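Chain by chain, the residues:
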Amino acid sequence: MDKYCSEAEGRGEPARESTAAVFAISGRDNHGFEGDSDNLKQPPPPGRDDFNIHVTDLETDSRSPSGAGKGPQHPSGDKWQDSATSKKVPLDDEEQPEVTCQMVAALVMSLTQLAIGTIYGFPGVTLPELTDPNTTGLFLDTTQAANYGSMADLGGFFGSALGTVLLLKFGQRVSLLLGLPVTAGAWCVLVFSQTPTLIQSMRFVVGLTGSFMLPAGTMYMLEISDRKLRGLLFGIVTTSRQVGVLFVYAVGCLNLGWRYTGLVCAGVSLVPVIGLFFLPNSPRWLVTHGRVDEAEKALMFYRGKLYDWKHEMKAITDQVGQNAQQNNGFLAQLRIMREPSTMRTLAVLLFISLLCNFSGYTVLIVYAVPILQSANVNLDVYVSAVVIGAARVGGTLVYLTVVDKMGRKPLLISAYTVCGLSMAVLGCFLYIRDTFGYEYIDHIGWIPLASLVVYVFFTGVGQPVVFILHGELLPTAFRAAGVSFIMILVFLGSFAAIRTYSLMSGVMGEHGAFWFYGGICLTIAAVGCLALPETSGRSLEEITGKEHQRMRKTTENSFTLETSNSKV
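Residues numbered from 1 in each chain as written. Predicted model: local features only at pLDDT ≥ 70, side-chain atom pairs only at ≥ 80, totals over all residues. Heavy atoms only, no water.

Draft legend 1. View of the overall build of the protein. Tallying secondary structure elements over the protein gives 23 helices and two strands in all. Counting across all 568 residues of the protein, residues that qualify as buried make up 52%. In the protein, of all internal contacts separated by at least 6 residues, the share reaching a separation of at least 24 is 79%. Carbon and sulfur atoms provide 63% of the accessible area of the protein, an area that totals close to 25,200 Å². (Helix = DSSP H or I, 4+ residues; strand = E, 2+ residues; numbered from the N terminus. Buried < 20%, exposed > 50% of the residue type's maximum accessible area, 1.4 Å probe, protein only. Contact = heavy atoms within 4.5 Å. Areas by Shrake-Rupley, 256 points an atom, 1.4 Å probe, with all protein chains shown as cover.)

Draft legend 2. Region of interest: the packing of aromatic side chains. Across all of its chains, the model carries 11 aromatic pairs by this definition. Measuring from centroid to centroid gives 6.3 Å for Tyr-120 and Phe-491, while their planes differ by 25 degrees, and the two rings are stacked. Within this pair, whereas Tyr-120 is found in helix α5 (residues 100–130), its partner Phe-491 is found in helix α22 (residues 476–531), the two being separated by 371 residues in sequence. For the ring pair Tyr-220 and Tyr-302, a centre distance of 6.4 Å and an interplane angle of 75 degrees mean the geometry is edge-to-face. Of this pair, Tyr-220 sits in helix α8 (residues 196–224) while Tyr-302 sits in helix α13 (residues 292–303), and the two are 82 residues apart along the sequence. Through a chain of ring-to-ring contacts, the aromatic side chains of Phe-157, Phe-158 and Phe-204 assemble into a single cluster. The ring of Phe-170 carries the charged tip of Lys-169 above its face, separated from the ring centre by 5.9 Å. (Phe/Tyr/Trp six-rings, centres within 6.5 Å; stacked < 30°, edge-to-face > 60°. Lys NZ or Arg CZ within 6 Å of the ring centre and 35° of its normal.)

Draft legend 3. Layout of helix α9 (residues 230–252). Compared with an ideal rise of 1.5 Å per residue, which puts 23 residues at 33 Å, α9 spans 34 Å between its outermost C-alpha atoms and is within 8% of the ideal. Within α9, 18 of the 23 residues are buried, leaving the element largely enclosed by the surrounding structure. (Expected span 1.5 Å × (residues − 1).)

Draft legend 4. Here's a closer look at the side chain of Thr-261. Locating Thr-261 in the fold gives a position in helix α10 (residues 258–270). A distance of 2.8 Å separates the side chain of Thr-261 from the backbone oxygen of Gly-257, its partner in a polar contact. Sequence-distant contacts of Thr-261, defined by excluding residues within four places in its chain, comprise Phe-122, Val-248, Val-251 and Leu-256. (Polar contact = N/O pair within 3.5 Å; in protein donor to acceptor, adjacent residues only side chain to side chain.)

Draft legend 5. Examining a nonpolar patch on the surface more closely. Taken together, the side chains of Phe-192, Leu-254, Leu-256, Tyr-260 and Leu-263 make up a nonpolar region of the molecular surface, amounting to roughly 550 Å² of accessible area. The residue Tyr-260 is located in helix α10 in this model. Residue classification places Tyr-260 among the exposed positions, given a relative accessible area of 55%. (Patch = residues over 30% accessible without salt bridge, like charges linked within 9 Å, V, L, I, M, F, W, Y side chains within 5 Å. Salt bridge = Lys/Arg side-chain N within 4 Å of Asp/Glu carboxyl O.)

Draft legend 6. Seen up close, the pattern of salt bridges. Inspection of every chain in the model, using the stated rule, returns five salt bridges. Taken together, the salt bridges that share partners define one network made up of Arg-284, Arg-303 and Glu-312.

Draft legend 7. Representation of the packing of helix α6 (residues 142–169) against α8 in the model. Orientation of α6 relative to α8, taken along the N-to-C sense of each, is 40 degrees, at an axis distance of 6 Å. By the angle class used here, α6 and α8 are oblique. α6 and α8 meet at a crossing whose hand is right-handed. Taken together, the residues of the contact of α6 with α8 sort by class into 16 nonpolar, 10 polar and one charged. (Axes fitted to C-alpha atoms, helices over the stretch in contact; angles between N-to-C directions. Parallel < 35°, antiparallel > 145°, perpendicular 65-115°, else oblique. Left-handed = near helix turned anticlockwise from the far one by under 90°. Nonpolar A, V, L, I, M, F, W, Y, C, P; charged D, E, K, R; others polar.)

Draft legend 8. Highlighting the side chain of Ser-150. Position of Ser-150 among the secondary structure elements: in helix α6. Judged by relative accessible area, which is 0%, Ser-150 ranks as buried. Looking at Ser-150, its side chain comes within polar contact range of the main-chain oxygen of Ala-146, at 2.8 Å. Discounting residues that sit within four places of it in the chain, Ser-150 has contacts with Phe-495, Ile-498 and Arg-499.

Draft legend 9. Structural view of unusual backbone geometry. For Asn-255, which is not glycine, the phi dihedral falls at a positive 60 degrees. Accessibility expressed as a relative area gives 69% for Asn-255, which makes it exposed.

Pasting the structure below:
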């Protein structure tokens, strides 16, 4: 009977007898389902056959006794397929991938991000000691202190350019294995520095290594995670970077001194090295280098032997293409970048990432204690810094719980809207203080700390969305180069934001600077609403494929419109 059905389908003829036989086997009468006999004599619509009519009813009702619990099936025992897409209908009880190895990878990558967080949190608690005129140790004047605070971001500018080469040639895992020991060595040299020049140079080095380790860890996590876990695991890794900032703030509260604090940071940088030796390279990176056999083993490592990972592997190889290794060259990467869909995506991501630099968070992390001292908060400034760091961690924890339920866009828009409002409130407080005197606002002296806590909390909710979109929206063949290119300009923007904070405060006043940051936050929310797609719940290949198709359709429509206008 199956043979007869197949022949009838191939000829595009009505398969009345075969349909009747199907319903006879399934125990369901076909009258009232297929229509009367006259309707059956009509030829089926192009590309359709009797097996596709009322597919929902067939999926739910045509289960054989032997196939109970295994999803919709053909009476022969084969699973139903949609002829329009030739893909299996998803099964409710489909074997799920193993999560243990993915969680282990998340732990290792979290430790690398924790080490990176200490790099950027270090100046926030050590600048007061280094700029104290009464210190008996190393002293930094105003210019040297500004260089000290921003030098890591200047190193990040060059490190991101270096990271483009490292990530393309060696992959994320090897780049981390190269960067972590160098970072630990630079911390040790910084600890024993006796001159401002040397301490600034080592801040440059740790910024350089941290800049290519940051995308290496996050990209690795994105590429090895199952799509149902990607938002959660990426959020764990992002949270760890904020924990690193909080950790170094907490160490600073112990009054150990900046040298011992640096030694602690050096030790943190060495912890994840051992774990990296036991992890495989990213399957997607391996495919881009033509090492498909290794990629299959790596994907099996992260999905488990019982999971059917072959369809995911096929999607990866289909997107990367047959000329995977040729796409790793510089000219090939430029060619991919010039594709309209890639160019548009890159431009949007770059614009919103640069806006994040000037939203105030980078400045707050570096100048946490000085800003709190200037605002005259009613709490010890070092304790207040820890509170702010804890708020950031709390925000990323909230991000973890809602990112896959709420979606990327709503999270980004709502978070940065609140950030903009909190900066506006802080600016108003500082304006009243500078204009009328502190005695007018002494009774609400808690507002600066509260505004900063709210601001930092919601940047913890919204900023990880920007980072995850870096990896989700760019195609696999261009992801390493694209993310590195974005990070080059992001670190340059961070350097500019930190260096110009003192100048901006002097020209516009502190209140004007925070109003400016609030306006940037609202701009981020607007750009996210208008220009970013929703990516939650889709694989990386589905996301980039859909964006490419949408861009191609837009281009074709524009071409058609231009042709019509020329004819007119």
